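Here are the chains, one letter per residue:
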Amino acid sequence: MRGVHVTGPGRVEVTLTPTYTGCPAIEAMSSDIERALHDHGVPDVSVVTVLTPPGPPTTSARRDGASSPSSASPRRARRAPAGGPVPLTLAIRCPHCGSTDTELLSRFSSTACKALRRCTACREPFDHFKEL
């Protein structure tokens, strides 16, 4: 996430920069951001993809000296000061039954930017775009 700007009452613009051009997760990330902000009472949300300057490589990519996408730690909610940013905890929802009770099976799946997860409610496995 490159930036978050309040552009007016009930209006927020979020800028995203993918770790590499053509990242297939950008649409899923944009949708998740819009949904989270709508759920917290922001009626007008605009998510803009900005390709320059390039996004930073992920933690393990920096460690390995590469720029390929990789897994990152789950985001944790933090208590925000009054009138400050809204803390978010992004749950991974099963695409089959909608449950958020899921588990990681493998950090790697059909592509480098996806992880293999399983829903513990319906027991179905599914690919999920990794957090960057």
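The structure contained in this document is the topic of the report that follows.

Here the idea is simple: oppositely charged side chains can pair when their charged atoms come close. This model, assessed by the stated rule, comprises three salt bridges. One salt bridge in this structure joins R11 and D44, with 2.8 Å as the shortest N-O distance. With R11 in strand β2 (residues 11–16) and D44 in strand β3 (residues 44–49), the pair connects residues that are 33 residues apart, well separated along the chain. Look at R11 and you get partly exposed, because its relative accessible area is 42%. The exposure class assigned to D44 is partly exposed, which follows from its relative accessible area of 34%. Between D32 and R35 there is a salt bridge, and its shortest N-O distance comes to 3.1 Å. Of the two residues, D32 and R35 both sit in helix α1 (residues 26–39), three residues apart, roughly one turn of that helix.

The next point concerns the side chain of R117. With respect to the helices and strands, R117 occurs in strand β5 (residues 114–119). At 3.3 Å, the side chain of R117 and the side chain of T102 are in polar contact. Excluding residues within four positions of it along the chain, R117 makes contact with I92, T102, E103, L104, L105, E124, P125, F126 and H128.

What follows deals with the sheet that holds strand β1 (residues 3–8). Strands sit in the order β1-β2-β3 across an open sheet of three strands; the sheet is mixed. The open sheet has two edge strands with one neighbour each: β1 and β3. The sheet shows a mean angle of 20° between the axes of neighbouring strands, taken without regard to direction. By the bridge criterion, six bridges tie β2 to β3 in an arrangement that is parallel.

Moving on: the sheet that holds β5. Overall, antiparallel pairing links the three strands, which are arranged β4-β5-β6 in an open sheet. The sheet terminates laterally at β4 (102–106) and β6 (125–129), the two strands that pair on one side only. Adjacent strand axes in the sheet meet at a mean angle of 45° when their direction is disregarded. In terms of strand pairing, β4 meets β5 through four bridges, oriented antiparallel. Counted as the bridge partner of T102 is C119 from β5.

A few words on the environment of V4. Examined against the element boundaries, V4 turns out to sit in strand β1. For V4, a relative accessible area of 48% corresponds to the partly exposed category. Distance from V4 to V14, taken between C-alpha atoms, is 4.5 Å for residues 10 residues apart in sequence. Contact partners of V4, with chain neighbours within four places excluded, come to V12, E13 and V14.

Conventions we followed
- Residues numbered from 1 in each chain as written.
- Predicted model: local features only at pLDDT ≥ 70, side-chain atom pairs only at ≥ 80, totals over all residues.
- Heavy atoms only, no water.
- Salt bridge = Lys/Arg side-chain N within 4 Å of Asp/Glu carboxyl O.
- Helix = DSSP H or I, 4+ residues; strand = E, 2+ residues; numbered from the N terminus.
- Buried < 20%, exposed > 50% of the residue type's maximum accessible area, 1.4 Å probe, protein only.
- Polar contact = N/O pair within 3.5 Å; in protein donor to acceptor, adjacent residues only side chain to side chain.
- Contact = heavy atoms within 4.5 Å.
- Pairing = 2+ DSSP bridges.
- Axes fitted to C-alpha atoms, helices over the stretch in contact; angles between N-to-C directions.

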